[in-house]
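# Commentary on secondary and tertiary structure
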Amino acid sequence: MKNIIITVVLLIISNIFMTFAWYGHLKLQDMKIISGNTPLYFVILMSWGIALAEYCFMIPANRIGFSGNGGPFSLLQLKVIQEAITLTIFTIFTVVLFRGEALHWNHFLAFALIIAAVYLVFLK
């Protein structure tokens, strides 16, 4: 049980960093901290710095969670859990920081199908 909680918490933290690494520059642009004229190499380097933090949580999550290392999850289970967490974090990020983005019925249906995927990957 302990490894399940540690793995999921590390995946959540990792995905928070990943979301900011991939999409945070758009919010910085929206806030006028950087502009559309900011050199792409600068934005990429900034994102890589954030992604380094993401890896510092993702790698341990996968090592601790992987059944081949004594963890509770197969590789497929780890990946599906990670994808569900990614979409949840991304949705929260989008709704909170980009208030112009709205959720519609099809988004909720897609989330329900992802939850179904998590359920299905754990079936024997």
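Look up: the structure comes first, before these words.
Residues numbered from 1 in each chain as written. Predicted model: local features only at pLDDT ≥ 70, side-chain atom pairs only at ≥ 80, totals over all residues. Heavy atoms only, no water.

Here we come to the environment of V95. You can see V95 is positioned in helix α3 (residues 75-97). For V95, a relative accessible area of 36% puts it in the partly exposed group. Taking the C-alpha atoms as reference points, V95 and A61, 34 residues apart in sequence, are found 26 Å from one another. (Helix = DSSP H or I, 4+ residues; strand = E, 2+ residues; numbered from the N terminus. Buried < 20%, exposed > 50% of the residue type's maximum accessible area, 1.4 Å probe, protein only.)

Right, let's get into helix α1 (residues 2-30). When the terminal C-alpha atoms of α1 are compared, their 40 Å separation across 29 residues agrees well with the 42 Å that a helix rising 1.5 Å per residue should span. Within α1, the axis deviates most sharply at Y23, by approximately 55 degrees. Turning to α1, its buried residues number three or more, namely T7, L10, L11, S14, N15, M18, T19, A21, G24, H25 and K27. Against the buried residues of α1 lie α2 (40-65) and α3. Phi for K32, located one or two positions after α1, is positive at around 65 degrees. (Expected span 1.5 Å × (residues − 1). Bend = angle between axes of the 7 residues up to and from the residue. Contact = heavy atoms within 4.5 Å.)

Another point: the packing of aromatic side chains. Enumeration according to the criterion identifies 6 aromatic pairs in this entry. Taking 5.7 Å as the distance between ring centres and 10 degrees as the angle between the ring planes, the aromatic pair formed by F17 and F57 counts as stacked. Of this pair, F17 sits in helix α1 while F57 sits in helix α2, and the two are 40 residues apart along the sequence. Between F20 and F93, the aromatic rings sit 5.0 Å apart at their centres with planes inclined by 90 degrees, giving edge-to-face as the arrangement. One end of the pair, F20, is in helix α1; the other, F93, is in helix α3, with 73 residues separating them in the sequence. Judged by its relative accessible area of 36%, F20 falls in the partly exposed class. By relative accessible area, F93 is classed as buried at 6%. Here the aromatic cluster, defined as three or more aromatic residues joined through ring pairs, consists of F20, F93 and F98. (Phe/Tyr/Trp six-rings, centres within 6.5 Å; stacked < 30°, edge-to-face > 60°.)

In short, the description is geometric, and any link to function would need to be established separately.
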